[in-house]
Amino acid sequence: MKKVLILFCLLAPMIGFAQNEESLKEAELSRFKYLVAKDRAGLESVIHKELVYFHSSGVQDSKDSYIASVLSGKSIYLSITPEEMQQRVYGNTGINTGIIVIQQPAADGGQTPLRVRFTDVFLYADKCWQMVSWQATKLAPAQKP
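Below you will find a few notes about this structure. Owing to the predicted nature of the structure, the values given are computational and were not obtained by experimental measurement. (Residues numbered from 1 in each chain as written. Predicted model: local features only at pLDDT ≥ 70, side-chain atom pairs only at ≥ 80, totals over all residues. Heavy atoms only, no water.)

1. A short note on the environment of V101
Inclusion rule: To qualify as a helix, a DSSP run of H or I must reach at least 4 residues; to qualify as a strand, a run of E must reach at least 2; elements of each kind are numbered from the N terminus. Exposure is judged per residue with a 1.4 Å probe applied to protein chains only, and the accessible area is read against the type maximum: over 50% gives exposed, under 20% gives buried, and values in between give partly exposed. Pairs of residues are marked as contacts when any of their non-hydrogen atoms sit within 4.5 Å.
Relative to the helices and strands, V101 resides in strand β4 (residues 93–105). We classify V101 as buried; its relative accessible area is 16%. Along the chain, V101 and S79 lie 22 residues apart, while their C-alpha atoms are 8.0 Å from each other. Non-local contacts of V101, meaning those with residues more than four positions away in its chain, are made with S79, I80, T81, E83, P113, L114 and R115.

Structure, rendered in structure tokens:
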């Protein structure tokens, strides 16, 4: 997966996908996959060195502390499913907003869904999108009709 993202980042400027909403969305979805897979190299490639990350609990992380929490198992993501996502691009700055459902392990061995509304900011740097800021707010679980 990392090789695909790196190839995409290298070829994107040549084929006109460098700084548009679709490439921003792909960077976000790739980041979700890297979190679930605990892929250090993938996370390093899509997270900016100046990351400021605010969890829905209010805890703040930097790039290094956030990646360390994922790799150590302190932050566990069994799956991340977007309910809605919107992208906006302003030059080399991209903003993602939306709602995701994060499946986390439960004490009984099952899974617990965490539904959050998020806003994050990406910068187009080193020929690809890198997340520089994240803010999430917990939401009530989705109601079934």
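2. Description of the pairing of β4
Here is the rule we go by: At least two bridges found by DSSP between two strands is the condition for calling them paired.
The buried fraction of β4 is high, at 10 of 13 residues. Sheet topology note: the strand β3 (residues 79–90)/β4 ladder contains 11 bridges and is antiparallel. Bridge pairing links E84 to I99 in β4. Between the end of β3 and the start of β4, which pair antiparallel, lie two residues, with G91 showing a positive phi angle near 65 degrees. Bridge count for β4 against strand β5 (residues 111–125) is 13 bridges, and the pairing is antiparallel. Residue pairing in the sheet places V101 in a bridge with R115 of β5. The hairpin turn running from β4 into β5, its antiparallel successor, is five residues long, and G109 in that turn takes a positive phi close to 95 degrees.

3. Describing the packing of aromatic side chains
Rules: Ring geometry is summarised as follows: Phe, Tyr and Trp rings, the Trp one being its six-membered ring, pair when their centres sit within 6.5 Å, and such pairs are stacked at plane angles under 30 degrees, edge-to-face over 60 and tilted between the two.
Evaluation of the coordinates by the stated rule reveals four aromatic pairs. Considering the side-chain rings of Y124 and W129, the 5.3 Å spacing of their centres and the 75 degrees angle between planes classify their relative orientation as edge-to-face. Both residues of the pair, Y124 and W129, count as buried. Members of the aromatic cluster, joined through ring pairs, are Y53, Y66, F118 and W134.

4. Quick notes on the nonpolar core
We count it as follows: Only buried Ala, Val, Leu, Ile, Met, Phe, Trp, Tyr and Cys residues count toward a nonpolar core, and they belong to the same one when joined by side-chain atoms within 4.5 Å.
Grouped together as the largest cluster of nonpolar side chains are 28 residues, with contacts concentrated most on I47, Y66, Y77 and I100. Where this core is concerned, the elements lending two or more residues are α2 (21–37), α3 (40–46), β1 (47–54), α4 (63–72), β3, β4, β5 and β6 (128–138). Excluding residues within four positions of it along the chain, Y77 makes contact with L35, V36, Y53, H55, Y66, V70, I102 and Q103.

5. A short note on the layout of surface pockets
To keep things clear, this is the line we draw: Grid points spaced at 1 Å and placed over the protein atoms alone form the basis of the search, with a cavity being a set where a 1.4 Å probe fits but cannot get out and a pocket an open set showing protein on both sides within 12 Å along at least five of seven lines. Lining residues have an atom within 4 Å of a point. Grid points are joined across faces, edges and corners, and a volume is the space filled by probe spheres set on the points. The residue classification treats Ala, Val, Leu, Ile, Met, Phe, Trp, Tyr, Cys and Pro as nonpolar and Asp, Glu, Lys and Arg as charged. All others, Gly included, are polar.
When its volume is computed, the largest pocket comes out at roughly 370 Å³. What lines the largest pocket is a set of 19 residues, and nearest its centre among them are H55, S57, S75, Y77 and Q104. Looking at the lining of the largest pocket, the elements that each hand over two or more residues are β4, β5 and β6. Residues belonging to the lining of the largest pocket are distributed by class as follows: 10 nonpolar, six polar and three charged.

6. A look at unusual backbone geometry
Its identity is not glycine, yet K38 carries a phi of approximately 55 degrees, on the positive side. With respect to the secondary-structure elements, K38 resides in the loop between α2 and α3. Taking relative accessible area as the criterion, K38 reaches 37% and is therefore assigned partly exposed.

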